[in-house]
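One-letter residues, chain by chain:
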Amino acid sequence: MYAILVYDIDESRVSKVLKTCRKYLTWIQRSVFEGEITEGNLELLSEELKRIIKDQTTS
């Protein structure tokens with residue numbers, strides 16, 4: 001499947017989110033990614049991002 005991912009997140013987590021997203025998708029600009037991704041990898045990406053966001057809200 002083809003995915004487009006756009007995020008808006010606290011500046012303190014941007015580098016972690018960028019690094020995580022680049023493992024699965026192509027970085028287009030700032031907070032925009034796109035590319036082919038399997039459903040399994042989409043689930044992995046989603047779980048990784050949830051952990052990063054959860055870390056942000058508990059800090």
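Residues numbered from 1 in each chain as written. Predicted model: local features only at pLDDT ≥ 70, side-chain atom pairs only at ≥ 80, totals over all residues. Heavy atoms only, no water.

> Got a minute to help me understand unusual backbone geometry in this structure?
The bulk of non-glycine residues show a negative phi, and the bulk of peptide bonds are trans. A positive phi angle, near 35°, is found at R30, a position not held by glycine. On the basis of relative accessible area, R30 is assigned to the exposed category, the value being 75%. (Buried < 20%, exposed > 50% of the residue type's maximum accessible area, 1.4 Å probe, protein only.)

> Looking at this structure, I do not really get the nonpolar core. What am I missing?
If you look at soluble globular proteins, the nonpolar side chains tend to sit buried side by side. The biggest cluster of nonpolar side chains holds 13 residues, and the ones touching the most others in it are L5, V17, C21, L25, L45 and L49. Taken together, the elements giving at least two residues each to this core come down to β1 (2-6), α1 (14-24) and α2 (39-58). Residues within four places of L25 in sequence aside, it is in contact with L5, F33, E34, G35, E36, I37 and L45. (Core = buried A, V, L, I, M, F, W, Y, C linked by side-chain atoms within 4.5 Å. Helix = DSSP H or I, 4+ residues; strand = E, 2+ residues; numbered from the N terminus. Contact = heavy atoms within 4.5 Å.)

> It is not clear to me how the pairing of strand β3 (residues 32-36) should be interpreted in this structure. Could you clarify?
The side chains of a regular strand alternate, residue by residue, between the two faces of the sheet. Inspection of the sheet shows β1 paired to β3 by 5 bridges, in the antiparallel sense. Within β3, the residue paired with L5 across the bridge is F33. Where strand β2 (residues 26-29) and β3 come together, 3 bridges link them in antiparallel fashion. Within β3, the residue paired with Q29 across the bridge is V32. Taken together, β2 and the strand that follows it, β3, pair antiparallel across an intervening segment of 2 residues, in which R30 is found at a positive phi of about 35°. (Pairing = 2+ DSSP bridges.)

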